[in-house]
Amino acid sequence: MQLYVPQPARKMYPFDRGWRVMGYVREHLFARTGVEAKRWIGYAGTMYGKAGYTDNWAYKYWFFCIAAGCWLAGVAQYLSAMTLVVIFFVLQSLVLALWAALAILFMGVLSLFTFLYARYNRIFVRCPADFKTMPVPTFVCKKCGREHTRLWPSIYGVLHHTCECGQRLPTLNMLGRRELRPICPYCKTPLPGIGEGTNVHVPVVGGPSTGKSNYIVMATRELIGAYGPPRGYTITFVNPRHESEYQDKLRLLNAGQVLTKTVDMRPQAYNLKIKARHARVPKLAYVYDPAGEVFGSIAHTEEQKYYEYIDGILFVVDPFAIPAYLAKHRAQVEQLRTSIRPSDMDVEEAFSRLLEALESLKKQIGLKTGVGNGQPLAIVISKVDALDLESEIGAAPARALMAKDPTIATEEDAISLLTRQFLIANELGSFVRSAEVQFGDVKYFSCSALGHMPERSGIQFTPIRVVDPLVWLMGRARALKVRRERVRLVDARARAARRKIPGLRGRRYYYWESLKAHAPTI
């Protein structure tokens, strides 16, 4: 990164004009003094000449005195000018040096503070379009439109820069810099809100026609409207264009129309600002929706540069792309093919492409390859509204499993166990083992983005459990306080179980046995 980049702004006085003033004095004062001094010395020569043409000693004496006085006046003008210039140069140099030193000190303090503040809160400036990280966005002057690529405390100003048009531009967000228009210095994409919160990057990946686009819109709707407000979260879009696109898609789904498939091989993430009640720093979520065809080519997969800094992966599995499950229900699937729209990419192939992309990025950034990835992985089986799959891995069988096994703390945990077992039972045991080896934390979910088959045109879709995987990943990335809520749920279940056990056995269960790790039965 370049430390100094010329800006369309005026430099601070001690770094530019102060030294130019000294140069101007040096160049012009002596020139003007020389003219005056030469005039006096020339007059002295004239008087000396007149003294040589007269024989009167009185006149000679006065002419010599006048000539000497004029000569002394010329010399004195030179000496006084030189003395004043030396005094001015010394004082100006001291003032400029002290001013510059204080300015550099304040620059260093502010830069160190903002750097530590950003690192502590995991705030990075990353473009959602080209995935590049930058020290600061380019800010556009609202008066003349000039682009300032380094609007921070520098030799152009500590607290503000003065644009060449005269407009004062704050150098820090706390001083009003966020009111300017930021853009990406590489692709010129507008970056409203970028760099103001802790970054959380979550790609939603999977093969083509797995239902990712429908899932993202419905999960976002549930996150903003159903999940956030009761828990004190304010969740908003930071980019008006993203919000407009989201509202257009939501209107289609509310009218009972499914979304068209994503075609972008290098998707632009949309950003959500998540602000908890009393939180000092909001969270800024980047949600990516690459086309499923990305996983058909390793070249396209390697273009997903955002994998370098993701906080978790949401992997969508179409149950009708599982060969064993498809074989069991082939006749029903063929009958409902236009509604079900099964993915034509094998689950294990898509997952293999994902792993190849992560390995490739490790090589590019110098990390050790061939080892597991530390990010959490949410494996989500979609389309559970079709062929009554909800009755196998949905809420009802999960509650039945919890009644059978009290060690299962929540319905979400029970669904995770059922979904994992479903994958293994349908010959995806190797996929499950690979996922659990490659990723630090894996959880399984089942959901439906639509809630019913799309052939019932015009009927609004009602999603089923779409927000759970996203909330789990956001919790792992500390964007949402999920663990605290889980502790309350687990404790409530343990208290309820304790009430059913009389006397000391109930206390023993609550304070000891309920805290032990148990292998759930399934």
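Structure first, text after, so check above.
The following paragraphs examine the structure supplied in this document. (Residues numbered from 1 in each chain as written. Predicted model: local features only at pLDDT ≥ 70, side-chain atom pairs only at ≥ 80, totals over all residues. Heavy atoms only, no water.)

**Side note on the overall build of the protein chain**
Line of reasoning, step 1. Secondary structure assignment for the protein chain yields 16 helices and 15 strands.
Line of reasoning, step 2. Here the protein chain holds 522 residues, and the buried ones make up 47% of them.
Line of reasoning, step 3. As presented, the protein chain carries roughly 26,900 Å² of accessible surface, and 59% of it is formed by carbon and sulfur atoms. (Helix = DSSP H or I, 4+ residues; strand = E, 2+ residues; numbered from the N terminus. Buried < 20%, exposed > 50% of the residue type's maximum accessible area, 1.4 Å probe, protein only. Areas by Shrake-Rupley, 256 points an atom, 1.4 Å probe, with all protein chains shown as cover.)

**A look at helix α4 (residues 240–254)**
Line of reasoning, step 1. Helix length check: α4, at 15 residues, gives a terminal C-alpha distance of 21 Å against a target of 21 Å (1.5 Å per residue), a fit within 8%.
Line of reasoning, step 2. The set of residues buried in α4 consists of H242, Y246, L250 and L253. On an axial view of α4, the arc spanned by its buried residues comes to 65°, and they lie on one face. Seen from the buried face of α4, the exposed residues on the opposite side, beyond 90 degrees, are P240 and R251.
Line of reasoning, step 3. Structurally, α4 contributes buried residues whose contacts are with α3 (212–227), β10 (233–237) and β11 (270–276).
Line of reasoning, step 4. Of the residues flanking the start of α4, the one acting as N-cap is N239, its side-chain oxygen 2.9 Å from the backbone nitrogen of R241. (Expected span 1.5 Å × (residues − 1). Arc of directions from axis to C-beta. Contact = heavy atoms within 4.5 Å. Polar contact = N/O pair within 3.5 Å; in protein donor to acceptor, adjacent residues only side chain to side chain.)

**As for the nonpolar core**
Generally speaking, nonpolar side chains in soluble globular proteins are found buried as a group.
Line of reasoning, step 1. In terms of nonpolar packing, the biggest core is built from 61 residues, with F315, F351, L377, I379, L423 and F431 touching the most fellow members.
Line of reasoning, step 2. The leading source of residues in this core is helix α9 (residues 347–365), at 7 residues.
Line of reasoning, step 3. Not counting residues up to four positions away in its chain, the partners in contact with F351 are F315, L377, F431, S434, A435 and F439.
Line of reasoning, step 4. Among the nonpolar cores identified, the runner-up in size contains 43 residues, and F237, L272, A276 and V471 belong to it. (Core = buried A, V, L, I, M, F, W, Y, C linked by side-chain atoms within 4.5 Å.)

**A closer look at helix α12 (residues 411–425)**
Line of reasoning, step 1. Taking 1.5 Å of rise per residue, the 15 residues of α12 would be expected to cover 21 Å, and the 21 Å separating its terminal C-alpha atoms lies within 8% of that figure.
Line of reasoning, step 2. Listed in full, the buried residues belonging to α12 are D413, A414, I415, S416, L418, T419, F422 and L423.
Line of reasoning, step 3. Once α12 finishes, E427 follows within two positions and takes phi at roughly 65°, a positive value.

**With respect to a nonpolar patch on the surface**
Line of reasoning, step 1. Among the surface-exposed residues, M82, V86, I87, V90, L91 and L94 lie close enough to one another that they form a single nonpolar patch of about 560 Å² accessible area.
Line of reasoning, step 2. On the secondary structure map, I87 appears in helix α2 (residues 57–120).
Line of reasoning, step 3. According to the relative accessible area criterion, I87 is partly exposed, its value standing at 44%. (Patch = residues over 30% accessible without salt bridge, like charges linked within 9 Å, V, L, I, M, F, W, Y side chains within 5 Å. Salt bridge = Lys/Arg side-chain N within 4 Å of Asp/Glu carboxyl O.)

**Quick look at the pairing of β11**
Line of reasoning, step 1. Counting buried residues in β11 gives 5 out of 7 residues, a clear majority hidden from the surface.
Line of reasoning, step 2. The sheet contact formed by β10 and β11 spans 5 bridges and is antiparallel. Bridging across to β11, Y233 finds its partner in A276.
Line of reasoning, step 3. Bridging between β11 and strand β12 (residues 283–288) involves 5 bridges; their strand directions are antiparallel. (Pairing = 2+ DSSP bridges.)

**Side note on the environment of R507**
Line of reasoning, step 1. Here R507 is to be found in helix α16 (residues 503–511).
Line of reasoning, step 2. The spacing of R507 and R495 is 12 residues in sequence and 9.4 Å in space, taken between C-alpha atoms.

**Considerations on the sheet that holds strand β7 (residues 168–170)**
Line of reasoning, step 1. Reading across from one edge, β1-β6-β7 is the order of the 3 strands in this open sheet, with antiparallel pairing throughout. With partners counted over all chains shown, the strands left at the sheet margins are β1 (9–10) and β7, one partner each.
Line of reasoning, step 2. With 3 bridges joining them, strand β6 (residues 160–163) and β7 adopt antiparallel strand pairing. The residue bridging T162 from the neighbouring strand is R168, located in β7.

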